[in-house]
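So the chains spell out like this:
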Amino acid sequence: MNRNEIEAWYRRLQASFALAIEAFDGEGTFESDIWSRRGGGGGDTRVLSAGRHIEKAAVNFSAVWGATPVGLPDRVAAAGDRFYATGVSIIVHPANPHAPTFHANLRYFESSSSSARGPVTAWFGGGTDLTPYYVYEDDARHFHRVLRATCDRHEVADHRAWKEGCDRYFYLPHRGEARGIGGLFFDHLTGRLEEVWAFQQDLGTQLIAAYRPILERRVDTSYGTAERRWHEIRRGRYVEFNLVWDRGTKFGLDTGGRTESILGSLPPRARWEYAYEPEPGSPEAALLDLLRGEPRAWD
């Protein structure tokens, strides 16, 4: 395992996931935007817009390196003056409010000293989560069962801890709400890297299996202007998390990443209505009850 192998596999994952989404949508295609980073590296941002079922999707690859930016947290930089980071990030925003938003990220990081004798610290991180706008328990169970089965195939994977980590991370403390129904979140895994890498590849290949059956069930569900309004209000919460709390967004901006690519995960439309609360007993209120309660074990 080396950075070239990891980088090449992330590129293949980007291509295969994008092809799978195009095949599902049937009309939309991804446009590729190749970019370079001042200071070292670059990436490939692929965005699909205004498809038949997918309103927007971004499947992004990057590999960046150079001098460790001033102010990067020590636990990320590991006190090194040089860094290398590569990864793939995925976000899918369906047009239908009954179909959930999907997110995944897989990444690899190295920190080193410019001295030939300086140590190299390497780690993996990543995860995936689901953000529904209406509660469908069979969707939630399917998503979490795929993730649980993937973890169960690898001794280094800790499903319980990573599921709890996801519930903690994708949370809006200023709202007292979870962003969605969770999934997996793991970070700074420095031990048994070969085994973690095998797990990460398995997880990457399972992402479309975790998500596509849910899309197939929901994209033809009928909806109207009220559901669309709710969809956009809840998308506003998604935007709030990404801009206020997400560490990946901050890391990308702090390391001189490409702003358009970093913010490519945002939905094309969202809204903020002052002090909006849905009618008690409505399907919309049922979602808030779920997101404001204790995290559930879905699998």
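In every chain, residue numbers begin from 1 and rise along the written sequence. Residues qualify for local features only when their pLDDT is at least 70, as the model is predicted, and side-chain atom pairs are given and counted only at 80 or more; totals for whole chains, interfaces and linings, by contrast, use all residues. Calculated side-chain values reflect all of the structure's heavy atoms, with hydrogen atoms and water omitted.

Each helix and strand counted, the protein has nine helices and nine strands in total. The C-alpha atoms of the protein give 19 Å as radius of gyration, which agrees with the globular expectation for 299 residues (19 Å, within 12%). Each principal axis of the C-alpha atoms in the protein carries an extent, and together these give about 65 × 35 × 35 Å. Buried, partly exposed and exposed residues are distinguished by accessible area as a fraction of the type maximum, computed with a 1.4 Å probe on protein chains only: under 20%, between the cut-offs, and over 50%, respectively. Looking at the protein as a whole, 54% of its 299 residues qualify as buried. Runs of H or I in DSSP of at least four residues are treated as helices and runs of E of at least two as strands, each being numbered from the N terminus. A radius of gyration in this sense is built from C-alpha atoms; the matching globule rule multiplies 2.2 Å by the number of residues raised to 0.38.

So, about the side chain of threonine 101. As for its position among the elements, threonine 101 is in strand β5 (residues 101-112). We define a polar contact as two N or O atoms separated by no more than 3.5 Å, with the added condition that, inside protein, one atom must be a possible hydrogen donor and the other a possible acceptor, whereas residues neighbouring each other in sequence contribute only through side-chain atom pairs. At a separation of 3.2 Å, a polar atom in the side chain of threonine 101 contacts the side chain of histidine 93. There is a polar contact of 2.6 Å between the side chain of threonine 101 and the side chain of tyrosine 133. Two residues form a contact once any of their heavy atoms are found within 4.5 Å. Dropping the residues within four chain positions of it, threonine 101 is found in contact with Ile91, Val92, His93, Pro94, Asp129, Leu130, Thr131, Tyr133, Tyr211 and Tyr238.

Our next topic: the sheet that holds strand β2 (residues 41-49). An order of β1-β2-β3-β4-β5-β6-β9 is seen for the seven strands of this open sheet, with the pairing classed as antiparallel. In the strand order of this sheet, the two ends are held by β1 (31-36) and β9 (183-189), each with one partner. When strand polarity is set aside, the average angle formed by the axes of neighbouring strands in this sheet is 10°. Paired strands, as defined in this entry, are two strands with at least two bridges between them according to DSSP. The pairing of β5 with strand β6 (residues 120-131) spans 12 bridges and is antiparallel. Paired with phenylalanine 109 across the strands is tryptophan 123, a residue of β6. Working convention: axes come from line fits to C-alpha atoms, limited for helices to the stretch in contact. Angles between N-to-C directions cover 0 to 180 degrees.

Our next topic: the side chain of threonine 150. Inspection of the secondary structure assignment puts threonine 150 in helix α3 (residues 137-152). For threonine 150, the side chain forms a polar contact with the main-chain oxygen of valine 146, separated by 2.8 Å. Residues within four places of threonine 150 in sequence aside, it is in contact with Phe199, Asp202, Leu203 and Gln206.

With that settled, consider a nonpolar patch on the surface. For patches, a residue must show more than 30% relative accessible area and have no salt bridge; joins then use 9 Å for like charges and 5 Å for nonpolar side chains, namely Val, Leu, Ile, Met, Phe, Trp and Tyr. Here the open area of atoms and residues is found with the Shrake-Rupley method and a 1.4 Å probe, where only the protein chains shown may cover a residue. Salt-bridge detection follows one rule: a side-chain nitrogen of Lys or Arg within 4 Å of a carboxyl oxygen of Asp or Glu. Together, Leu243, Val244 and Trp245 make up an exposed nonpolar region whose accessible area comes to about 300 Å². For leucine 243, the position within the fold is in helix α6 (residues 225-244).

As a further point, take the environment of glutamate 273. Along the chain, the position of glutamate 273 falls in the loop between α8 (259-262) and α9 (283-292). A C-alpha to C-alpha distance of 47 Å links glutamate 273 and serine 112, two positions 161 residues apart in sequence. Not counting residues within four places of it along the chain, the set of residues in contact with glutamate 273 comprises Arg229 and Ile233. Among the polar contacts made by the side chain of glutamate 273, one reaches the side chain of arginine 229 at a distance of 2.6 Å.

The next subject is the pattern of salt bridges. What the rule picks out here adds up to 31 salt bridges. Note that arginine 148 and aspartate 152 form a salt bridge whose closest N and O atoms lie 3.4 Å from each other. Placement of the pair is arginine 148 and aspartate 152 together in helix α3, with a separation of four residues, close to one helical turn. Given a relative accessible area of 36%, arginine 148 falls into the partly exposed group. The partner of glutamate 195 in a salt bridge is arginine 192, with the nearest N and O atoms 2.7 Å apart. A single network of salt bridges, built from pairs that share partners, joins Glu55, Arg228, Arg229, Glu232, Arg235, Arg269, Arg271 and Glu273.

Okay, the packing of aromatic side chains next. Two rings from Phe, Tyr or Trp (for Trp, the six-membered ring) form a pair when their centres are within 6.5 Å of each other. A pair whose planes differ by under 30 degrees is stacked, one over 60 is edge-to-face, and the rest are tilted. Using the criterion set out here, one finds 21 aromatic pairs in the structure. Between tyrosine 108 and phenylalanine 124, the ring centres sit 4.9 Å apart and the planes meet at 45°, which makes this aromatic pair tilted. Pair noted here: tyrosine 108 is in strand β5 and phenylalanine 124 is in strand β6, with a separation of 16 residues, a long-range link. By the burial criterion, tyrosine 108 is buried, and phenylalanine 124 matches it. In textbook terms, an aromatic cluster arises when at least three aromatic residues are bridged by ring pairs, as seen for Trp9, Tyr10, Trp65, Tyr84, Tyr108, Phe124 and Trp197.

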